[in-house]
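# What the coordinates show
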Amino acid sequence: MTIQYVPQGVCSRAMQIEVEDGVIQEVRILGGCHGNLQAISKLLVGMTVEDAIEKMEGIRCGMRPTSCPDQLAKALKQAEA
């Protein structure tokens, strides 16, 4: 399954997540802090959707109420529903 998500309240502009049998296969993010998001994307590969949500949900970026990892968690939760 391919998840297409437009994040809100962060610097990144688009997220695409490939999930197969509940496991993240690939993450692509357009915009945002390129180095950090490359690292996050690589760390998520092979992780279950449930574990990824648990680890990223609620992370904030500075004074913002959300972050790119939090937005990734929202994308994954939306796809689960």
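Treat the numbers as computed from the prediction; the structure is a model and nothing was measured. (Residues numbered from 1 in each chain as written. Predicted model: local features only at pLDDT ≥ 70, side-chain atom pairs only at ≥ 80, totals over all residues. Heavy atoms only, no water.)

## With respect to the pairing of strand 3 (residues 23-31)
Sheet faces and side chains relate simply in a regular strand, where the side chains alternate between the two faces. As paired elements, strand 2 (residues 12-20) and strand 3 share 8 bridges and run antiparallel to each other. Note that in strand 3 the partner of Ile 17 across the bridge is Val 27. What sits between the antiparallel neighbours strand 2 and strand 3 is a turn of 2 residues, in which Asp 21 has the positive phi angle 55°. (Pairing = 2+ DSSP bridges. Helix = DSSP H or I, 4+ residues; strand = E, 2+ residues; numbered from the N terminus.)

## Observations regarding the environment of Lys 77
For Lys 77, the position within the fold is in helix 3 (residues 68-80). When its relative accessible area of 38% is taken as the criterion, Lys 77 is described as partly exposed. Note: C-alpha distance between Lys 77 and Arg 13 (64 residues apart in sequence) is 18 Å. Setting aside residues up to four positions removed in sequence, Lys 77 forms contacts with Ile 53 and Glu 57. (Buried < 20%, exposed > 50% of the residue type's maximum accessible area, 1.4 Å probe, protein only. Contact = heavy atoms within 4.5 Å.)

## Let's talk about the pattern of salt bridges
Evaluation of the coordinates by the stated rule reveals 4 salt bridges. Measuring nitrogen to oxygen at the nearest pair gives 3.5 Å for the salt bridge that ties Arg 28 to Glu 18. Here Arg 28 is found in strand 3, whereas its partner Glu 18 is found in strand 2, with 10 residues between them in sequence. Overall, the relative accessible area of 32% leaves Arg 28 in the partly exposed class. Its salt-bridge partner being Lys 77, residue Glu 57 comes within 2.7 Å of it at the nearest N-O pair. Of this pair, Glu 57 sits in the loop between helix 2 (49-56) and helix 3 while Lys 77 sits in helix 3, placing them 20 residues apart in sequence. You can call Glu 57 partly exposed: its relative accessible area is 42%. (Salt bridge = Lys/Arg side-chain N within 4 Å of Asp/Glu carboxyl O.)

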